[in-house]
Structure formats: C-alpha cells, structure tokens
Amino acid sequence: MSLHPVVEGTYREIEAELGFGMVPNVFRAMAVKPHFLAANWKLFKSVVLEGRLPRVLKEMVGIVVSCVHDSPYARDVHLHSLTVQGVDRDVLAVLSRGERPASGLAPAQQAVLELAYAAATKPGAIPAAAFAAVRDAGLDDEEVFEVLTAVQLFTAVNMFTDTAAVKLDAL
Amino acid sequence: MTQSPAARLPTVASLATLAELTARCTAAPDIPSIAAILSTSAKWVVPAHHVSLVVRDGRGGFMAWPAGTSIVPVHALALALERRTTVTTGTIPPEVAPLAVPGITTWLVVPLFDGAIDVIGALILGARAESYLTTLDSGVLHLLALNVASAVRMAELLTSERSAVQSRDAMVATVVHDLRNPLAAASALVEMMLEDQPTGSMMTSDLVAVLHSLESMGGLAEEMLDAARAAAGHAMTLRRTVGDLGALLSSALAQVQRNLRSGFSLQLDLSSEPLPGSFDASRVRRVFDNLLSNAMKYSRPGGQIRVHSGRAGPMAVVEVADAGIGIPAADLPNVFKRFHRAGNVGTIRGTGLGLAGAAEIAQAHGGYLTVESIEGVGSTFRLALPL
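Residues numbered from 1 in each chain as written. Chains lettered and ligands numbered in written order. Predicted model: local features only at pLDDT ≥ 70, side-chain atom pairs only at ≥ 80, totals over all residues. Heavy atoms only, no water.

## Some details on the environment of R349 of chain B
Residues and elements named next belong to chain B. Tracing the backbone through its elements, the reader meets R349 in the loop between β10 (315-322) and α9 (354-364). Along the sequence, R349 and K297 sit 52 residues apart, while their C-alpha atoms lie 8.9 Å from each other. Once you skip the residues sitting within four places of it in the chain, R349 turns out to touch K297, Y298 and R341. (Helix = DSSP H or I, 4+ residues; strand = E, 2+ residues; numbered from the N terminus. Contact = heavy atoms within 4.5 Å.)

Okay, here's the thing in structure tokens:
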C-alpha cells in the first residue's frame, strides 16, 4: 500500500535531515494522522535542528527532561545519538542517571542543563539563580527561549511516547 | 595564563560541540558570517563572554568583527602576531590594552595560522572575570583556532569564486534572455507557414518538426534562465492560472505519441476526473515534457512507459515509470541537483538541468518530485502538486 503523499514527503525530509538514515518510531507512530506527523516534524526540526543552541546541547536537554519524567524512549534515542556524535561516555553516564555533569562541559552548557532540569521539574517555580546562571554565561533572550522550547518539546514527546508505548528503534 | 591541572576541563564533551561549531563556520558564506557565528556560539565551547575575529585584509591592515571593533586589545594582538602564540592581557601592561566592552576585564588573543607559518588573523576572547578564562582547556582552544582559520581561508576562496560565478551567471542569463525573442519570432513564422499549407502538403510534417524543435529550444532556454535565476538566489516567480492538470498532461502525451519512436509503447492509466488547480501551466508542462522525454531517452528499444495520474488527498499525483537503464543507488541522492548526471548515462546527451528544474518547479508550487529507481530495472518519477 502506497503511503499518503504528506507522510511520504515528511519521511523523506526526516531521512534526509535528521541524520539517523531512517525514520524513528516516534514519527512512524504519528503517520496515522499525516498532517499531525508533518506538524510535529516541523516543530521538532525548528526546536532541535535549527536555532542557535548547538544540537548536541539540545539533545542533552532531551535526556535531562526525559529522566525527570522517567520516560525511556527519548532518553535512550538521544543517548545513542550523542554517543555517535562523540560526546564523552562519562558525561552521558551522568546524564542517564538523571544528574547534571559537574565537569566536562563549558559553563554555558552546564547552566543550560541546570535551567532545563529546573523547568522540567517545576515549571512554575524556576529558581531565579537558574536564570541568572544562563545570563552570566552569556545567553540572550532568544537562546533562553530556545532552552525553554526544548524542554516543552521533550515534555510533549515524553507524554506521547509513554502513552502510545512507542518501542525503541533498532539503533 | 597559568592553569592548574585540576582546573582544566576535560576536552571530549566540548569536542562534540566544537565539531558542530566548526560545521557552522565552514558552511558560512563569508567572514562576517563566521564572526557572527563565533560571537553567538563560541560560548558553547569556550567560557567567553565576548568574541572578536580579526583578519588581515591583504593590504597590511586588519578587518575586525563585530563591526566597529576598534576596542580590540590591539597591543595584545600585535604581541600575539609577533610571538605567534596565545597571549593574555596579563602579559602586557593594562594601560596599553584599552578595552571598552562593558564588564569585560580579561582578554585572550589567539593567533590564527594558515599552515605552520602564516598568521592570517586572531581570535580574541573576553571574559568578565579572569577565573572564567582560567578554566579554559588549551587543547579545545587551539583546535577552535585551527578550525576557524580553515573556515576563514575557505570563506575567502568562496567569496572570490562566488564573484566569478556571479559574472558568468549574469552573462548566461543575458544571452538566454536575448535568445528568446528570435526563437519566438521563428516559431510564429513557422506557424504562419503551416496555416498557409494546403491539406496533405508534403511540407506540413517538415514544418511541424521544425516547430517542435523550436519549442524544444525555447524550453531549454527557459530551463537555463530558471537555473541562472536560482543560482543568483532569486526565488522562482510562478505565473499561475486556474486550469486542469489532466488536460495539461494529455497535451504533453499527445506530443509524445506523435514523436514516439518505433518499438516504444505507452501504457496510460489517467484520472477520469479533472484535476483542477492553480498552476504555472508553461512550467508544469515543461516538467511533464522532461519526465516523458527522459523516460524515452533512458529506455531500451521496445520498452514500455507507464503514465498514471490521479488524486491523493489534497494533491494531484502524476507518475511516469519506465523500464530503462535506471539510476545507480549512489546517484539517487544527487539526481535533482543541477548539472548532476548519473554515472551510467554513457553517451546519452543531456544538460543535467531538466530534473533539477522540474524539482524546483514542483517545490515552488508547494509540491514535490520524487524518484524510485533500480539500476538496470527502471525508474518511477512521481510528481505531486497541491490542488
């Protein structure tokens, strides 16, 4: 059975732009609603693949948020992705335990992960110190916004993959 | 700068971010863009609150970014270039390093080398406190400088090449534009001669052949003009009219059937319903002509060409499938790139512009053109346009 043209076009974009060489199950699970799939891919692309924060850092945010929500899918996918991209295994081991690395990252990256943790844990009560730290590390409004949108995106991804019981891809 | 081993950052985690920063710098079209990327993104790799890029201008002076960076610590820069090594403001008297960036108290100047000897500029990092820069890992810093120097050299080469390519594209656009008028005049003349021919005249088929050749040349000229415009960075401007895609396809098929070489056969599975929408009819016709002529060109004698049209949700879909030589897997990712031709085309002539132009036309309409192909078995091109 041939795919819906919107699904086919979206899959093609995902294969070309995501860098995994395949379409992850989280997107395949959305194909039943082609325009929902297309909209979510555009959102993912805008948050993770575009913008000024490094993709590596946004994927680390994905792990931090997924650990807060005890959601295995995005945590394991991004742990695999970051391993492939050469991030230190010690740093990834700390992240996978739901902690933030005390060393091994530039101060700006550490400050971002602390802010992401605070936003995912208690979004209505983010400590002022968490915002002060990212400001001190040189982040401007747009970059802080990118951190918060990454937290929002991965929170939604966690809810979707947990409720839909999305299986981990054969990575 | 003194640095205790305990204060040094492990490099490996920063290297993944450095690779991303390098990729962004390398993809930058010019040096100001590299400086802008460093200004906003170097902080993910090195603990700096301010980054300036200084590059020799080839006339004995320097250019500095961000714009108006007269505040760079010029003496530290001179020292770095003289010593060919990294210096901090701690190694020169503060009064000769007049800094004017609010809050920045400590500077680090890193020379950018082109090869082992030539210094082409410097990377200047500023921090609000010395303790910030003392956490810096020198390995990451030198890799950053090395990669920025490469990106700067590449941007200089690209800027020079771009200027040459722009001149060439402008000339091609002018020549092609000027070709259109005589082609249109010749076509009009042949059409008039055709009207004057008595029924059954021997000349008629010859004149029709001439007219088709002129139309092909006109199509090629339009294709080259679109390619020149796209190369110059201009978006395609569509001249949309409301029409039936099915009728447009039928007209293209009628011409193919007139010119069908012996041994070929067409299998048609066309939508019985009209496919109404708003299209640039001339360009969409060019896409059909291109797909159909490719199907014939790359088919073996006796081959069958299958054409299907229909509706899929909000899109009209046209498929052209052949049982020809197919496209090697290695060429598939590049099949819609300008001037690319597959490795197995041999002596079959082509410009490498047709499919690239067809994909751009589909995209400009909000649709897409895709291909599935197996070398030696055949190719199926699928055009989808919103209705």
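## Quick notes on the sheet that holds β10 of chain B
Spatial strand order, β7-β9-β10-β12-β11 (chain B): 5 strands in an open sheet with mixed pairing. The sheet terminates laterally at β7 (265-269) and β11 (368-374) of chain B, the two strands that pair on one side only. Neighbour to neighbour, the strand axes of the sheet diverge by 15° on average, direction disregarded. Most of the contacts of helix α1 (residues 5-17) of chain A go to β11 of chain B, to which it runs at about 75°, and overall it touches β9 (304-312), β10, β11 and β12 (378-386) of chain B. Helix-sheet contacts for helix α8 (residues 281-297) of chain B involve β9, β10, β11 and β12 of chain B, and the interaxial angle to β10 of chain B is about 20°. (Pairing = 2+ DSSP bridges. Axes fitted to C-alpha atoms, helices over the stretch in contact; angles between N-to-C directions.)

## Overview of the packing of helix α5 (residues 72-84) of chain A against helix α9 (residues 141-163) of chain A
All names here are of chain A. Between α5 and α9, whose axes approach to 8 Å, the crossing angle comes to 115°. Residues P72, Y73, A74 and H78 of α5 form the contact with α9, whose participating residues are F154, V157, N158, T161 and D162. Tallied by class, the residues present in the contact of α5 with α9 amount to 5 nonpolar, 3 polar and 1 charged. (Nonpolar A, V, L, I, M, F, W, Y, C, P; charged D, E, K, R; others polar.)

## A closer look at a nonpolar patch on the surface
Residue and element names in this part refer to chain B. A cluster of nonpolar residues, L189, M192, M193 and M203, forms a patch on the protein surface that exposes about 380 Å² of accessible area. In terms of residue count, helix α5 (residues 138-196) provides more of the nonpolar patch than any other element does, 3 residues in total. The class of M203 is partly exposed, set by a relative accessible area of 39%. (Patch = residues over 30% accessible without salt bridge, like charges linked within 9 Å, V, L, I, M, F, W, Y side chains within 5 Å. Areas by Shrake-Rupley, 256 points an atom, 1.4 Å probe, with all protein chains shown as cover. Salt bridge = Lys/Arg side-chain N within 4 Å of Asp/Glu carboxyl O. Buried < 20%, exposed > 50% of the residue type's maximum accessible area, 1.4 Å probe, protein only.)

## Describing the side chain of S41 of chain B
Assignment of secondary structure puts S41 of chain B in helix α2 (residues 31-41). Look at S41 of chain B and you get buried, because its relative accessible area is 5%. Those residues within four positions of S41 of chain B in sequence are excluded, and the remaining contacts are R52 of chain A together with L21 and R24 of chain B.

## Some thoughts on the packing of aromatic side chains
Evaluated as defined, the whole model comprises 5 aromatic pairs over all chains. Arranged with centres 6.4 Å apart and planes meeting at 40°, the rings of F36 of chain A and F160 of chain A form a pair that is tilted. Taken together, the positions of F36 of chain A in helix α3 (residues 34-49) and F160 of chain A in helix α9 put the pair 124 residues apart, joining distant regions of the chain. Ring centres of F336 of chain B and F381 of chain B lie 6.4 Å apart, and the angle between their planes is 80°; this geometry places the pair in the edge-to-face category. Here F381 of chain B lies in strand β12 and F336 of chain B lies in the loop between β10 and α9, a separation of 45 residues in the sequence. Taking the relative accessible area as the measure of exposure, F336 of chain B reaches 24% and is therefore partly exposed. Taken together, the ring pairs in this structure connect F27, W41 and F44 of chain A into an aromatic cluster. (Phe/Tyr/Trp six-rings, centres within 6.5 Å; stacked < 30°, edge-to-face > 60°.)

## Quick notes on the packing of α5 of chain A against helix α6 (residues 89-96) of chain A
In helix packing, the relevant descriptors are the interaxial angle and the interaxial distance, both defined with respect to the helix axes. Residues and elements named next belong to chain A. Viewed as axis vectors pointing N to C, α5 and α6 meet at an angle of 170°, and their least axial separation amounts to 10 Å. What the angle tells us is that α5 and α6 run roughly antiparallel. Mapping the contact onto sequence places R75, L79, L82 and T83 in α5 and R89, L92 and S96 in α6. Taken together, the residues of the contact of α5 with α6 sort by class into 3 nonpolar, 2 polar and 2 charged. (Parallel < 35°, antiparallel > 145°, perpendicular 65-115°, else oblique.)

## Remarks on the pattern of salt bridges
What the rule picks out here adds up to 25 salt bridges over all chains. Close ionic contact of K43 of chain B with E143 of chain A constitutes a salt bridge, the shortest N to O distance being 2.8 Å. A residue pair is termed interchain when its members come from two chains, as with K43 of chain B in the loop between α2 and β1 (50-56) and E143 of chain A in helix α9. Just as K43 of chain B is buried, E143 of chain A falls in that class too. With a closest N to O distance of 2.9 Å, D226 of chain B and R283 of chain B form a salt bridge. Here R283 of chain B lies in helix α8 and D226 of chain B lies in helix α6 (residues 202-231), a separation of 57 residues in the sequence. As far as the burial class goes, D226 of chain B and R283 of chain B line up, both buried.

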